[in-house]
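# Results of the structural survey
Each chain, letter by letter, is given below.
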Amino acid sequence: MTTRQISDTLEDIYGFEASEGFISDVMDKILPQIEDWQNRPLSEVYPVLYIDAIHSSVRDGGVIRKLAAYVILGLNADGYKEVLAIEAGENESSKYWLSVLNGIKNRGVKDILILCADGLSGMKEAIAAAFPKTEYQRCIVHQVRNTMKYVSDRDRKPITILVRFVWKIMV
């Protein structure tokens, strides 16, 4: 976004007026911090990683197009959640995921015990290429969501209640 677009968005959403110069100054201060965060060294081992892409429509030069934000959330050895990476790409693909996984590998990750992801075609192979010893677990949320599209509207509510009940027993 341009400084003008950011200024207009701040005013539209929050009713806060900010000059383009102010926004430029803020961006100059936070961009190095963002780059430091994006390039920080990571732990060598993560017991669990969750990976997924969030798809959004964005305006680019007056044209609205879809972009995917690739997000990697890790559970570290101390049991704390940690966002390892957020990257923007054209669309979700296993090839792009492989580049994102290689990116965290280059930042120091040597081993992942379990990687939880959706059922994207080629995902297992991408994970195996970057981290050959990692176990792939298909995300239960994606499994349930994909299953529910085959359930009639009439049966959706009782099945959802049943799935929640079973989930509570399992967890």
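Per chain, the residues get numbers from 1 upward, laid out in the order the sequence is written. Where totals are concerned, whole chains, interfaces and linings use all residues; where local detail is concerned, this predicted model gives features only for residues with pLDDT of at least 70, and gives and counts side-chain atom pairs only at 80 or more. By convention in this description, side-chain values take in all heavy atoms of the structure and omit both hydrogens and water.

### Brief notes about the environment of Arg138
Which entries qualify depends on this criterion: We count a stretch as a helix when DSSP gives it H or I for four or more residues in a row; a strand needs E for two or more, and each element gets its number in order from the N terminus.
Structurally, Arg138 can be placed in strand β5 (residues 135-138). Residues Arg138 and Leu162, 24 residues apart in the sequence, show an inter-C-alpha distance of 20 Å.

### Considerations on the nonpolar core
Across soluble globular proteins, nonpolar side chains show a tendency to be buried alongside one another. Operational definition: Nine residue types can take part in a nonpolar core, namely buried Ala, Val, Leu, Ile, Met, Phe, Trp, Tyr and Cys, and a core is a set of them joined through side-chain atoms within 4.5 Å. The cut-offs for exposure are 20% and 50% of the maximum accessible area for each residue type, with area from a 1.4 Å probe on protein chains only; residues under the lower value are buried, those over the upper are exposed, and the others partly exposed. Between two residues, a contact is recorded if the distance between any of their heavy atoms is within 4.5 Å.
Membership of the largest hydrophobic core comes to 22 residues, with the highest contact counts inside it found for Leu49, Ile72, Trp97, Leu101, Ile104 and Leu115. Only β1 (45-60), β2 (63-75), β3 (81-89), α3 (94-106), β4 (111-117) and α4 (123-130) provide two or more residues apiece to this core. Setting aside residues up to four positions removed in sequence, Ile72 forms contacts with Leu49, Tyr50, Ile51, Glu82, Val83, Leu84, Ala85, Trp97, Val100, Leu101 and Ile104.

### Thoughts on the layout of surface pockets
What counts is decided by this rule: Buried and open spaces are told apart on a 1 Å grid over the protein atoms alone, a cavity being a set of points where a 1.4 Å probe fits but cannot get out and a pocket being an open set with protein on both sides within 12 Å along at least five of seven lines. Residues with an atom within 4 Å of a point are the lining residues. Grid points are joined across faces, edges and corners, and a volume is the space filled by probe spheres set on the points. Each residue is assigned to one of three groups, with Ala, Val, Leu, Ile, Met, Phe, Trp, Tyr, Cys and Pro labelled nonpolar, Asp, Glu, Lys and Arg labelled charged, and all others, Gly among them, labelled polar.
Within this model, the second largest pocket holds a volume of roughly 160 Å³. Together, Met1, Gln5, Val58, Arg59, Asp60 and Gly61 line the second largest pocket. Element by element, the count of residues in the lining of the second largest pocket is highest for β1, at three residues. In the lining of the second largest pocket, the residues fall into two nonpolar, two polar and two charged.

### Here we look at the packing of helix α1 (residues 3-14) against helix α2 (residues 20-39)
Inclusion rule: Between N-to-C directions, angles cover 0 to 180 degrees, with each direction set by a line fitted to C-alpha atoms, over the stretch in contact for helices. Convention used here: angles under 35 degrees read as roughly parallel, angles over 145 as roughly antiparallel, angles from 65 to 115 as roughly perpendicular, and any remaining angle as oblique.
Remark: α1 packs on α2, axes separated minimally by 9 Å, with the N-to-C direction vectors making an angle of 105°. With respect to each other, α1 and α2 are oriented roughly perpendicular. Side by side, α1 and α2 meet where Thr3, Arg4, Ile6, Ser7 and Leu10 of the first sit next to Glu20, Ile23 and Ser24 of the second. When its residues are assigned to classes, the contact of α1 with α2 shows three nonpolar, three polar and two charged.

Any functional reading would require information that these geometric values do not contain.
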